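Architecture and fold: a report
Read off the chains here:
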Amino acid sequence: MEKKRALITGINGQDGSYLAEFLLEKGYDVFGTVKRNSVSENQTSRLNSVYDKIKGNLIYADLLDVPSLIHALKISDPHEVYNLAAQSHVRISFDQPVYTAQATGIGTLNLLESIRIHNPKIRMYQASSSEMFGNSIDPDGFQRETTPMNPVSPYGCAKVFSYNICRNYRNSYNLFVSNGVLFNHESPRRGVNFVTNKVVKCAVEIKMGLSKELILGNLEATRDWGHAKDYVKAMWMMLQLDKPGDYVCATGKSHSVTDLVGYVFRKLELYWPDYVVTDPKFLRPEELEDLKGDSSKLRKDTGWSPDYTFETMLDEMIGYWIAHYTNNK
């Protein structure tokens, strides 16, 4: 039986690194694209656990450079492509709206065209986002595949384009393209400019006497937070189905930023109001208040369910940063 091959764009990101580990455990040959970075030593730090297995399969490519995408497809000749590369920070999308539209939106179209030209039998997973819904919420408080999309950031707008162009290529060219509408998912590998890892890292620093305060924006916003390790499993499950489709992936439980801060500081035996201050510069020009996903379609069609809870996810992140600072004193 032929060994399966997968190409992951953005393999050195949070999701890409967990997906690479997952697919290697499944027996895949794993390839990945990385963008050229002037500090190459830091580029693959999230891949340390599997680097020796994939270092020969890392390919320089960019979603805005179609020849580089076709080159990556020729080298890897994949059965499955997971498009995880993007400008993925919502707040920064307001600072870099044009680049976000190009990388997160047009980049997906470039990849679809490259697949259509190289091998239309490739199965593609597109990383769609709960940010596409904006403040559009169904009467029961959830967002699902049928919820109208009304994004409130350049990032969300770019993701809606990607979502729709994937559906268009699926219908027009009979490509196997599935959209995973993933709600917020975190881990110790999350960028520290994202609120979960920012809160945990700074709280541990305060506990260890390395910092004195945590500066945040909107404390009332609520999010449906899950663990990235659970969500990459869902990506793979979507591509194993007989037919492509669009699937919300979420825990179905939401928590406020205040809930997040309160849990982390309590675990560290700290009283958070003594340390947390708010700064308007961390507010978005148009705020997204509530996100909570209904993943019943995904659970029914694939049998997916998360292993982590909100609390166990944060416990793991707290443990990671305590170990980090203990080992690097």
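Here the structure is shown first, and the text comes after it.
Residues numbered from 1 in each chain as written. Predicted model: local features only at pLDDT ≥ 70, side-chain atom pairs only at ≥ 80, totals over all residues. Heavy atoms only, no water.

Things to note about the side chain of asparagine 184
Examined against the element boundaries, asparagine 184 turns out to sit in the loop between strand E6 (176-182) and strand E7 (185-186). We classify asparagine 184 as buried; its relative accessible area is 16%. Dropping the residues within four chain positions of it, asparagine 184 is found in contact with Ser130, Arg223, Asp224, Trp225, Gly226, Tyr231 and Leu291. (Helix = DSSP H or I, 4+ residues; strand = E, 2+ residues; numbered from the N terminus. Buried < 20%, exposed > 50% of the residue type's maximum accessible area, 1.4 Å probe, protein only. Contact = heavy atoms within 4.5 Å.)

Comments concerning the nonpolar core
Judged by nonpolar contacts, the single largest core of 34 residues is most densely connected at Ile8, Leu23, Tyr82 and Tyr125. Those residues in contact with tyrosine 82, other than ones at most four positions away along the chain, are Ala6, Leu7, Ile8, Thr9, Leu19, Leu23, Tyr125, Met235, Trp236, Leu239 and Gln240. In this structure, Ile206, Leu216, Tyr263 and Leu270 belong to the second largest nonpolar core, which totals 28 residues. (Core = buried A, V, L, I, M, F, W, Y, C linked by side-chain atoms within 4.5 Å.)

Brief notes about helix H11 (residues 310-327)
In this model, H11 (18 residues) spans 26 Å end to end at C-alpha, consistent with the 26 Å of a helix rising 1.5 Å per residue. The set of residues buried in H11 consists of Phe310, Met313, Leu314, Met317, Ile318, Trp321 and Tyr325. Buried residues of H11, viewed axially, fall in a sector of 135 degrees; they line one side. Those residues of H11 that are buried lie in contact with E7, helix H7 (195-207), strand E10 (226-227), strand E12 (255-256) and helix H9 (257-267). (Expected span 1.5 Å × (residues − 1). Arc of directions from axis to C-beta.)

So, the sheet that holds strand E2 (residues 29-34)
Spatial ordering of the open sheet is given by E3-E2-E1-E4-E5-E6-E11, a layout of seven strands whose pairing is parallel. With one partner strand each, in any of the chains shown, strand E3 (58-60) and strand E11 (246-249) form the two edges of the open sheet. Averaged over all neighbouring strand pairs, the angle between strand axes comes to 20 degrees, with direction disregarded. By the bridge criterion, four bridges tie E6 to E11 in an arrangement that is parallel. Residue pairing in the sheet places leucine 182 in a bridge with cysteine 249 of E11. Relative to the sheet, helix H1 (residues 14-25) contacts strand E1 (5-9), E2, strand E4 (80-83) and E6, its axis offset from that of E1 by approximately 170 degrees. In this fold helix H8 (residues 228-239) packs onto E4, strand E5 (123-129), E6 and E11, with an angle of close to 155 degrees to the strand it touches most, E6. (Pairing = 2+ DSSP bridges. Axes fitted to C-alpha atoms, helices over the stretch in contact; angles between N-to-C directions.)

Concerning the packing of aromatic side chains
Scanning the entire structure with this criterion turns up nine aromatic pairs. Judged by centre distance (6.2 Å) and plane angle (35 degrees), the ring pair of phenylalanine 133 and phenylalanine 183 falls under tilted. Residue phenylalanine 133 is found in the loop between E5 and helix H6 (154-173), and its partner phenylalanine 183 is found in the loop between E6 and E7; the two are separated by 50 residues along the sequence. Owing to a relative accessible area of 0%, phenylalanine 133 belongs among the buried residues under this scheme. (Phe/Tyr/Trp six-rings, centres within 6.5 Å; stacked < 30°, edge-to-face > 60°.)

Digging into the packing of H1 against H8
In the contact formed by H1 and H8, the axes pass within 9 Å of each other and the chain directions differ by 65 degrees. In terms of crossing hand, the pair formed by H1 and H8 is right-handed. Of the residues in H8, those touching H1 at Gln14, Asp15, Tyr18, Leu19, Phe22 and Leu23 are Ala228, Lys229, Val232, Lys233, Met235 and Trp236. When grouped by side-chain class, the residues that make up the contact of H1 with H8 number eight nonpolar, one polar and three charged. (Left-handed = near helix turned anticlockwise from the far one by under 90°. Nonpolar A, V, L, I, M, F, W, Y, C, P; charged D, E, K, R; others polar.)

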